[in-house]
Amino acid sequence: MMAKLLLVMIALSSCYCSAQVVQPPSPPKSATPPAAAPSTAAQEYLDAHNQARVEVGVAPLKWSQQLAKTASLQVRYQRDRQNCTFANLTKSIYGGNQLWAGGMAVTPRAAVETWVAEKKFYTYADNSCAPDHRCGVYTQVVWKKSVELGCAQASCSKEEASLTICFYNPPGNEAFPLENANLTTRLVCKFIRSFKSAEIAWQFFSWVTYQPGITHDIYTISRMITKLARHGCVHLVDLLLFKIQREGMKLSFSTIRLVIDFYGFQGLNDVN
């Protein structure tokens, strides 16, 4: 008689701070440009997430091809270079949930339901989690301010396992001390400048994007470009330059010169 395959699942969330109390959402201030319809697997990831979100009155997520591509690159790297182990997402600019499963393949819905299953260990009233459980994977699924989702899975034949990673933007399980502060663009510029890490500065910049009563202007965007350029974050600089062009903004001469120097330096590196 064939022995039943034992399915072993381990879930992990990249948590920044304590879980957030879920509240009815306000519509996001910006949206991702229209993209192609999600694949069957992508739609299954999306539907499973949004089913959990609607149960707590949170707006549905939208599928992001960029996040899906990032997740795909990450799971393939873990499969090919890290023996299918969990990825270290502590420095990621996105929120992340991971699932390692051994014994059989895991469908997108089953992966998400594994994270959502932690809901029964989460106490909404005092924002706490039962001992020995990871409520962060659940709270990331239903995080109010996360609006985009992208997932991927890799099958690891050598380990007879699979690894699933979902990325969320903006990240969940994160709280800045300015949650209830009266933010101004001048204050935002000061904070961006004060961060030593470009990744943390970008997380803060993204967080501000979804705060009520404030909109990024040429000053906050210029400050963010300066920080990113000095740390070599090419794709994020490109993203903000596209935003500036689309919205008809004009950079200061000093920022333009920095960008020119930055791309010149990158070009020399590519040649070398």
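Conventions and cut-offs
Residues numbered from 1 in each chain as written. Predicted model: local features only at pLDDT ≥ 70, side-chain atom pairs only at ≥ 80, totals over all residues. Heavy atoms only, no water. Helix = DSSP H or I, 4+ residues; strand = E, 2+ residues; numbered from the N terminus. Buried < 20%, exposed > 50% of the residue type's maximum accessible area, 1.4 Å probe, protein only. Contact = heavy atoms within 4.5 Å. Areas by Shrake-Rupley, 256 points an atom, 1.4 Å probe, with all protein chains shown as cover. pLDDT = per-residue confidence, 0-100. Phe/Tyr/Trp six-rings, centres within 6.5 Å; stacked < 30°, edge-to-face > 60°. Salt bridge = Lys/Arg side-chain N within 4 Å of Asp/Glu carboxyl O. Core = buried A, V, L, I, M, F, W, Y, C linked by side-chain atoms within 4.5 Å. Disulfide = S-S within 2.5 Å. Arc of directions from axis to C-beta.

(A) Spotlight on the overall build of the chain. Helix and strand content of the chain: 9 helices and 7 strands. By the burial criterion, 44% of the 272 residues in the chain qualify as buried. If you take every contact in the chain between residues at least 6 apart in sequence, the share linking residues at least 24 apart comes to 75%. Here the chain has roughly 15000 Å² of accessible surface; of this, 57% comes from carbon and sulfur atoms.

(B) Representation of the confidence of the model for the chain within the structure. Of the residues in the chain, 79% reach a pLDDT of 70 or more, and the chain-wide mean stands at 80. Overall, residues 1-8 carries pLDDT values under 50, and its contacts beyond four positions in sequence, including any with other chains, amount to 10 contacts. Here residues 15-32 is a poorly scored stretch, pLDDT under 50, and it has 55 contacts once near neighbours within four places are set aside; other chains count.

(C) View of the packing of aromatic side chains. For the coordinates displayed, the defined rule picks out 7 aromatic pairs. Taken together, a centroid distance of 6.4 Å and an interplanar angle of 15° make the contact between Tyr45 and Trp63 stacked. Of the two residues, Tyr45 is situated in helix α1 (residues 40-54) and Trp63 in strand β2 (residues 62-63); the sequence distance between them amounts to 18 residues. Taking the centre distance of 6.5 Å and the plane angle of 45° together, the rings of Phe191 and Phe195 count as tilted.

(D) Region of interest: the pattern of salt bridges. What the rule picks out here adds up to 5 salt bridges. A salt bridge links Lys119 to Glu55, with the nearest nitrogen and oxygen atoms 3.6 Å apart. With Lys119 in the loop between α3 (108-116) and β4 (122-123) and Glu55 in the loop between α1 and β2, the pair connects residues that are 64 residues apart, well separated along the chain. Across the pair Lys243 and Glu247 runs a salt bridge, and its minimum N-O distance is 2.7 Å. In this pair, Lys243 and Glu247 both sit in helix α8 (residues 234-247), 4 residues apart, roughly one turn of the helix. With relative accessibility at 40%, the residue Glu247 sits in the partly exposed group. Connected through shared salt-bridge partners, Lys243, Arg246 and Glu247 make up one network.

(E) Inspection of the environment of Val54 at higher detail. Positionally, Val54 belongs in helix α1. Take Val54: its relative accessible area is 61%, and that puts it in the exposed class. Expressed as a C-alpha distance, the spacing of Val54 and Val142, which sit 88 residues apart in the sequence, is 8.6 Å.

(F) Molecular detail of the nonpolar core. By size, the foremost hydrophobic cluster in this structure holds 39 residues, and its most contacted members are Trp202, Met224, Ile225, Leu228 and Leu240. Going through the elements one at a time, α2 (65-81), β6 (148-156), β7 (161-169), α5 (185-194), α6 (198-209), α7 (218-230) and α8 are the ones with two or more residues in this core. Here the element with the most residues in this core is α6; it accounts for 7 residues. Look past the residues within four positions of Met224 in its chain and what remains in contact with it is Ile192, Ala198, Ala201, Trp202, Phe205 and Leu240. Among the nonpolar cores identified, the runner-up in size contains 26 residues, and Ala48, Leu61, Leu99 and Tyr122 belong to it.

(G) Spotlight on the state of the cysteines. Using the criterion set out here, one finds 3 disulfides in the structure. For Cys129, the disulfide goes to Cys135, at an S-S distance of 2.0 Å. Residues Cys129 and Cys135 share a disulfide whose torsion about the S-S bond is about 80°; that sign makes it right-handed. Among the residues examined, Cys129 registers a relative accessible area of 33% and is labelled partly exposed. With relative accessibility at 5%, the residue Cys135 sits in the buried group. Here Cys151 pairs with Cys166 through a disulfide, and the sulfurs are 2.0 Å apart. Judged by the torsion about the S-S bond (110°), the Cys151/Cys166 disulfide is right-handed. Highlighted residues: Cys151 in strand β6 and Cys166 in strand β7, separated in sequence by 15 residues. Owing to a relative accessible area of 6%, Cys151 belongs among the buried residues under this scheme.

(H) Molecular detail of α5. Taken together, the buried positions of α5 are occupied by Val188, Cys189 and Ile192. The arc that holds every buried residue of α5, seen down its axis, measures 100°, which confines them to one face. Pointing more than 90 degrees away from the buried face of α5 are the exposed residues Arg186 and Lys190. Where α5 is buried, its residues touch α6 and α7.

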